[in-house]
Amino acid sequence: MSLNINKAAIEEMMAYAGSLHDELIAIRRDLHRHPELLYDTDRTAALVAGLLKEWGIDVRTGVGPHFGKGVVGVLRGGLEGGRTLLLRADMDALPITELNDADYKSSVDGVMHACGHDAHTAMLLGAAKTLAAYRESFAGEIRFVFQPAEEGALSSPLDGRLLSGGRDMIEAGILEGVDRCYALHVWPELDAGTIGIHSLYAMAASSHFHVTFQGTNGHHSSPHLAVDAIQMTGAYIAGVNGMMANSIDPREQAVLAFGTVRAGTVINAIAEQSVITGTFRAFSKQTVAAISAGLERHAQAASLAYGGFYHIALREGIAVVNDGEAVEEVIRAGTAVLGGENVRQQLEPSLAGEDFGWYLDRVPGAFILLGCGNESLGIREGLHRPKFDLDESVLVHGTRLLVQLAAGS
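Identification of the protein as Peptidase M20 from Paenibacillus glycanilyticus is taken from an unreviewed UniProt entry.

It is worth spelling out the packing of aromatic side chains at this point. Scanning all chains against the criterion turns up seven aromatic pairs. When the centroid spacing of 6.1 Å and the interplanar angle of 35° are considered together, the rings of Phe356 and Phe367 count as tilted. You can see Phe356 sitting in helix H9 (residues 356–360) and its partner Phe367 sitting in strand S18 (residues 365–373), a full 11 residues away along the chain. Relative accessible area serves as the criterion here: at 0%, Phe356 is assigned to the buried category.

Enumeration over the complete set of coordinates arrives at 23 salt bridges. Put simply, Arg28 and Asp389 hold a salt bridge, and the shortest N to O gap is 3.1 Å. Here Arg28, found in helix H2 (residues 21–33), pairs with Asp389, found in the loop between S18 and helix H10 (394–407); they are 361 residues apart in sequence, far enough to count as distant. Take Arg28 and Asp389: they sit in the same class, and that class is buried. Residue Glu375 pairs with Arg380 through a salt bridge whose shortest N-O separation is 3.2 Å. For Glu375, a relative accessible area of 55% translates into the label exposed. Residue classification places Arg380 among the partly exposed positions, given a relative accessible area of 28%. One continuous salt-bridge network, built from bridges that share partners, spans Arg28, Arg29, Asp118, Asp389 and Glu392.

Backbone-to-backbone hydrogen bonds pair the strands of a sheet. The strands run either parallel or antiparallel. Strand order in this open sheet of eight strands is S1-S2-S4-S3-S7-S18-S8-S16, and the pairing throughout is mixed. Only two strands of the sheet have a single partner each, and these edge strands are strand S1 (58–63) and strand S16 (343–346). The average undirected angle you get between the axes of adjacent strands in this sheet is 25°. Direction of pairing for S1 relative to strand S2 (residues 70–76): antiparallel, over a ladder of four bridges. Bridged to Val59 within S2 is Gly73. Docked against the sheet, helix H3 (residues 42–54) engages S1, S2 and strand S4 (139–147), running at close to 15° with respect to S2. In the packing of helix H8 (residues 324–338) onto the sheet, contacts are made with strand S3 (79–90), strand S7 (180–191), strand S8 (195–198), S16 and S18, and the angle to S8 comes to roughly 165°.

At a minimum axis separation of 9 Å, H2 and H10 run at an interaxial angle of 105°. Classified by the interaxial angle, the pair formed by H2 and H10 is roughly perpendicular. The segment H2 lies against H10, with His21, Leu24, Ile25 and Arg28 engaging Leu395, Val396 and Thr399. Looking at the contact of H2 with H10 residue by residue, the class counts come to four nonpolar, two polar and one charged.

The subject of this paragraph is empty space enclosed by the protein. Enumeration over the complete set of coordinates arrives at one cavity of 30 Å³ or more. When its volume is computed, the largest cavity comes out at roughly 40 Å³. Forming the walls of the largest cavity are Arg88, Ala89, His120, Leu124, Leu184 and Leu402. Split into classes, the residues belonging to the lining of the largest cavity amount to four nonpolar, one polar and one charged.

As a further point, take the pairing of S18. Each regular strand carries side chains that alternate between the two faces of the sheet. The buried count for S18 comes to nine of nine residues, which makes it a mostly enclosed element. Both faces of S18 are covered, namely the face carrying Gly365, Phe367, Leu369, Gly371 and Gly373 and the face carrying Ala366, Ile368, Leu370 and Cys372. Pairing of S8 with S18, which is carried by three bridges, proceeds in the antiparallel orientation. The residue bridging Ile197 from the neighbouring strand is Ile368, located in S18.

What follows concerns the UniProt feature "domain: Peptidase M20 dimerisation" (unreviewed entry) in the protein. As annotated by UniProt and renumbered to match this structure, "domain: Peptidase M20 dimerisation" (unreviewed entry) occupies residues 208–303. Across residues 208–303, the secondary structure splits into 39% helix and 32% strand, with the terminal C-alpha atoms separated by 20 Å.

Rules used in this analysis
Residues numbered from 1 in each chain as written. Predicted model: local features only at pLDDT ≥ 70, side-chain atom pairs only at ≥ 80, totals over all residues. Heavy atoms only, no water. Phe/Tyr/Trp six-rings, centres within 6.5 Å; stacked < 30°, edge-to-face > 60°. Helix = DSSP H or I, 4+ residues; strand = E, 2+ residues; numbered from the N terminus. Buried < 20%, exposed > 50% of the residue type's maximum accessible area, 1.4 Å probe, protein only. Salt bridge = Lys/Arg side-chain N within 4 Å of Asp/Glu carboxyl O. Pairing = 2+ DSSP bridges. Axes fitted to C-alpha atoms, helices over the stretch in contact; angles between N-to-C directions. Contact = heavy atoms within 4.5 Å. Parallel < 35°, antiparallel > 145°, perpendicular 65-115°, else oblique. Nonpolar A, V, L, I, M, F, W, Y, C, P; charged D, E, K, R; others polar. 1 Å grid on protein atoms, 1.4 Å probe; cavity = no way out; pocket = protein on both sides within 12 Å on 5 of 7 lines; lining within 4 Å. Points joined across faces, edges and corners; volume = space filled by probe spheres on them. UniProt positions renumbered as here; feature names shortened; annotations may be inferred.

Structure representation (structure tokens):
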């Protein structure tokens, strides 16, 4: 399944990728200083598109029929034949205030790259530059996909569905004709210089729900003239917790938790509206569908019981499921780049979520964990935490791994 590059060319490409060390760090730090949320990734997208064009890669911007914020670079090899490979990086940051004191600390109050998407973008750019420099040596097509809104979803302005960036770009047709797809994710629990790969399930389907109960306000002295949204909320929470305990197959891994509840304005008035949000995580599509249906059913039951109304918005996730042949390619590529002793087979999937699962549901591929922790440098803070950082030596490791997957696996 390789793009038919000879061994000498691959060695040259590995050396070239290594020469990008300082440039990759500069790109990553620039992105880290200027984080952007969800679909508001215009600066990042412009930087990415500009560099891809500079390197002679065909570029499409504004990709996605709903939000139009994705960037896709297409590179065709100079030799005949070959497969079509897609490599993906995410561009968005998180609404977290950074507590690091580095000179590349976020310059945006309340926003930081706490999940390493700045590094993902830098590494994919490094792979794009390397492969572009050697385009005459291989056959096939490589698509470099830079995606917004991996960390969440917004309601589509076209049809109201809650969509993450991956789903928006997939609906633009980025997967058409693709034979294999890969993505990296930095992982502080693994040491820099190692990778982790799951044989099947890598991450759970992480789904979000947003439920609004609408009642009628009133004074506490006359509750019979009102419809209490808080009562509906209490019944709903109890019902959903009961559903998770008694209606979901106990042999299936699944967890649901409520994140926020907002209701009421004053101490002596009955609340006319309440809003509940939360997430649930599971692996099988059947379990995801069962929980989704139950959330709707219990919202309807609670509103009927108290004489109110409800509205529910769901963003269903999908599990990240690796393909067996793609996993073998990752093991071979990781062994070539880092040594076999540094390729770690991961046994337990994470209950975190990743919308790369939507890609893998349609095209065989793999999701790879790239070790970025370094105890000697004090770098071990977990993802989504205000002091998250990474050992920047991994930027070359990740670039080389992507190039090896594209060229020599």
